[in-house]
Amino acid sequence: MIVFGIETSCDETSAAVLDGRTVLSSIVSSQAEHLEYNGVVPEIAARAHVRLLPAVAAEALKVAGVTLDQVEGVAATRGPGLIGALLVGFGFGRALARSRNLPFAAVNHIEGHLLSPILTDPGFAPPFVALIVSGGHTEIIVSEDWHRYRILGSTRDDAAGEAFDKVAVLLSLGYPGGPVIEKAARAGRKDAFAFPRAWLKPGTFDVSLSGLKSAVRRAVEERKAALGLSPASPLPGDVASDVAASFQEAVIDVLSTRLREALLLTRAPRAVVAGGVAANGPLRERCQAVADGLGVTLHLPPNRYCGDNAAMIAAAGGLRLERGERWPLSTTPIADFSTLGLDGSPS
Ligand code: KG4
Ligand code: ZN
């Protein structure tokens, strides 16, 4: 089935064409408008999607070598995400489905991340345990069968990507924080600062990252004071690198430990680590070591499918369309589309 996918939940404007599990095209336009604000500005994101999406969609068809007449289904992100941003892509998808009389899939963004290994790993299938780490989400999810999910744990405060983004601002490294922290950390010592790991009491798979962020803030302030720097001046590069490396190590410790515990509990044969933060090299290495140690097959999407992309939305939506699921064109996007609705029937 040839599926046209659309993703506009945050600041990536993306369209893709899939033929079954084969990606014919995957176009992702990352909005640069937010850089000067150190974070995504919702209204700017929505307006940028309006401006960019028609060209991104046309490019996806062109690269795929597919005409609209050949498209057999449409999939668009329903949520969670920024409501103004979601409305743009979702409305575009619904209009496309209506004008062409095509079946329409309203996709949960988190299910897109969860199933993203479909795009590259032929052997990928449930049962699996997934660590979903992105700018808005940090969750450990168990899937025993296709489209059946159980959330084992989630963050009680900051999402992993959010922590990277906030620490990057503290270090005056810019936005988005993940890639710049990873780069700075390469030159730093991961044991330079003893940042806390909030080990919540046994029996929970939740994580907490806000204490870590506060500890980084205190360490940055103390170092600046000790060096006679004003609060607004950046730390010297070598100190910033040490902070970045020590912070990154703490996040990796927490996330990889939770993944290991979940794998031990469920005895799942496969694991998935996906979402924007899954592009982090040292996190990938540590999760691979955890999986290898337990004899578990780890599915790690390549970096281009870790961050937000329409290919994963087309894949998740396409699977549901192939099962005969259909969403009425009266369906609307939902900003806080609960991850618990992942196993929900079309509504
Ligand atoms: O999945 P995604 O593109 O969007 C959301 O659904 O949130 O994730 C974006 C997040 C940002 O917080 C960004 O800083 C983080 O992923 N990220 C990384 C890396 N690349 C992106 N975090 C750590 N290391 C990276 N290399
Ligand atoms: Zn995402």
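The present account deals with the structure reproduced in this document. (Residues numbered from 1 in each chain as written. Chains lettered and ligands numbered in written order. Predicted model: local features only at pLDDT ≥ 70, side-chain atom pairs only at ≥ 80, totals over all residues. Heavy atoms only, no water.)

**Comments concerning the pattern of salt bridges**
Here is the rule: When a carboxyl oxygen of Asp or Glu lies within 4 Å of a side-chain nitrogen of Lys or Arg, that pair is called a salt bridge. For the purposes of this entry, the term helix denotes a DSSP run of H or I that reaches at least four residues, the term strand denotes a run of E that reaches at least two, and both are numbered from the N terminus. Note on classification: 1.4 Å probe, protein chains only; a residue is buried when its accessible area is under 20% of the maximum for its type, exposed when over 50%, partly exposed between these limits.
Inspection of every chain in the model, using the stated rule, returns 17 salt bridges. A salt bridge links Arg 197 to Asp 253; the shortest N-O distance between them is 2.8 Å. Placement of Arg 197 in the loop between α5 (177-186) and α6 (210-226) and of Asp 253 in helix α7 (residues 237-266) is noted, with a sequence separation of 56 residues between them. Using a relative accessible area of 24% as the deciding quantity, one classes Arg 197 as partly exposed. Via salt bridges that share partners, Glu 111, Arg 320, Arg 323 and Glu 325 belong to a single interconnected network.

**Here's the deal with the site of ligand 1**
Put simply, the rule is: Being near a molecule or strand, for a residue, comes down to having at least one heavy atom within 4 Å of it. Any pair of nitrogen or oxygen atoms within 3.5 Å is treated as a polar contact; in protein, a donor-acceptor pairing is required on top of that, and neighbouring residues in sequence qualify only through side-chain atoms on both sides.
In the vicinity of ligand 1, 20 residues are found, and the nearest of them are Gly 135, Asp 165, Gly 178, Glu 182 and Asp 308. His 113 has a polar side-chain atom sitting 3.3 Å from an oxygen atom of ligand 1. Within the side chain of Glu 182, one N or O atom sits 2.8 Å away from a nitrogen atom of ligand 1. When contributions to the shell around ligand 1 are tallied by element, the ones reaching two or more residues are α3 (109-114), α4 (160-170) and α5.

**Topic: the state of the cysteines**
Stated precisely, the cut-off is as follows: Disulfide: a pair of cysteine sulfur atoms within 2.5 Å of each other.
With the rule as written, the count across this model stands at zero disulfides. Left without a disulfide partner, Cys 287 is nearest to the cysteine sulfur of Cys 306, which lies 11 Å away. Residue class for Cys 306 comes out buried when judged on its relative accessible area of 0%.

**Observations concerning the coordination of the zinc ion (ligand 2)**
Stated formally: Note that water is not among the atoms used; donors are N, O and S atoms within 2.8 Å of the metal (3.2 Å for Na, K and Ca), so sites may look incomplete.
Looking at the zinc ion (ligand 2), the protein donor atoms are His 109 (NE2), His 113 (NE2) and Asp 308 (OD), and they sit 2.0 to 2.2 Å from it. Classification of His 109 as buried rests on a relative accessible area of 5%. Accessibility expressed as a relative area gives 15% for Asp 308, which makes it buried.

**Concerning the nonpolar core**
Applied cut-off: Take the buried residues of types Ala, Val, Leu, Ile, Met, Phe, Trp, Tyr and Cys, join any two whose side-chain atoms come within 4.5 Å, and each joined set is a nonpolar core. By definition in these notes, contact holds between two residues if any of their heavy atoms fall within 4.5 Å.
Phe 4, Val 17, Phe 104, Leu 114, Leu 115 and Phe 128 are the most contacted members of the largest nonpolar core, which totals 53 residues. Among the elements that take part in this core, helix α9 (residues 310-322) stands out by supplying nine residues, more than any other. Residue contacts for Phe 4: discarding those within four places in its chain leaves Ala 15, Ala 16, Val 17, Ala 57, Ala 60, Leu 61, Val 71, Gly 73, Val 74, Ala 75 and Leu 96. With 52 residues, the next largest nonpolar core counts Ala 160, Phe 193, Val 277 and Leu 300 among its residues.

**Structural notes on unusual backbone geometry**
The peptide bond linking Gly 79 to Pro 80 adopts the cis configuration, its omega dihedral lying at 0°. Within the secondary structure, Pro 80 sits in the loop between β4 (73-79) and α2 (83-100). Looking along the chain, the bond that leaves Pro 126 and enters Pro 127 is cis, with omega of 5°. A positive phi angle, near 60°, is found at Asn 38, a position not held by glycine.

**Some words on helix α8 (residues 281-294)**
In plain terms, the rule: Expected span, for any helix, means 1.5 Å times one less than how many residues it has.
Between its first and last C-alpha atoms α8 spans 20 Å; for 14 residues at 1.5 Å apiece the expected length is 20 Å, and the two agree. Of the positions making up α8, those classed as buried are Gly 281, Leu 283, Arg 284, Cys 287, Val 290 and Ala 291. Taking the backbone nitrogen of Leu 283 as reference, a side-chain oxygen 3.0 Å away marks Asn 280 as the first, capping residue of α8. Trailing α8 by a residue or two, Gly 295 shows a phi angle of about 70°, which is positive.

**Some details on the packing of aromatic side chains**
Each aromatic ring pair is described using two quantities: the centre-to-centre distance and the angle formed by the ring planes. Test applied: Two rings from Phe, Tyr or Trp (for Trp, the six-membered ring) form a pair when their centres are within 6.5 Å of each other. A pair whose planes differ by under 30 degrees is stacked, one over 60 is edge-to-face, and the rest are tilted.
Per the stated rule, a full pass over the model turns up five aromatic pairs. Ring plane angle 85° and centroid distance 6.2 Å describe the contact between Phe 124 and Trp 146, whose orientation is recorded as edge-to-face. With Phe 124 in the loop between α3 and β6 (128-133) and Trp 146 in the loop between β7 (138-145) and β8 (148-154), the pair connects residues that are 22 residues apart, well separated along the chain. Residue classification places Phe 124 among the buried residues on the basis of a relative accessible area of 2%. Residues Phe 193 and Phe 195 carry aromatic rings whose centres are separated by 5.4 Å and whose planes lie at 5° to one another, so their mutual orientation is stacked. The same class applies to Phe 193 as to Phe 195, namely buried.

**With respect to the sheet that holds strand β2 (residues 12-19)**
Quick note on the threshold: Only strands that DSSP links by at least two bridges are regarded as paired with each other. For helices, the fitted line uses only the C-alpha atoms of the stretch in contact; every axis is such a line through C-alpha atoms, and the angle between N-to-C directions lies from 0 to 180 degrees.
In space, the five strands of this open sheet follow the order β3-β2-β1-β4-β5, with mixed pairing throughout. The two strands at the open ends of the sheet, each matched to only one other strand, are β3 (22-30) and β5 (104-108). Direction aside, the axes of adjacent strands within the sheet are offset by 20° on average. Against the sheet, helix α1 (residues 42-64) touches β1 (2-7), β2 and β3, its axis set at about 25° to β2.

**Quick notes on the sheet that holds β8**
Read from one edge to the other, the open sheet built from five strands follows the order β8-β7-β6-β9-β10, with strand pairing classed as mixed. Across the chains shown, the open sheet's two edge strands, defined by having one partner strand only, are β8 and β10 (297-299). The average angle at which neighbouring strand axes cross in this sheet is 20°, direction not considered. Note: β6 against β7, six bridges, orientation antiparallel. Its bridge partner being in β7, Val 129 is matched across the sheet by Val 142.

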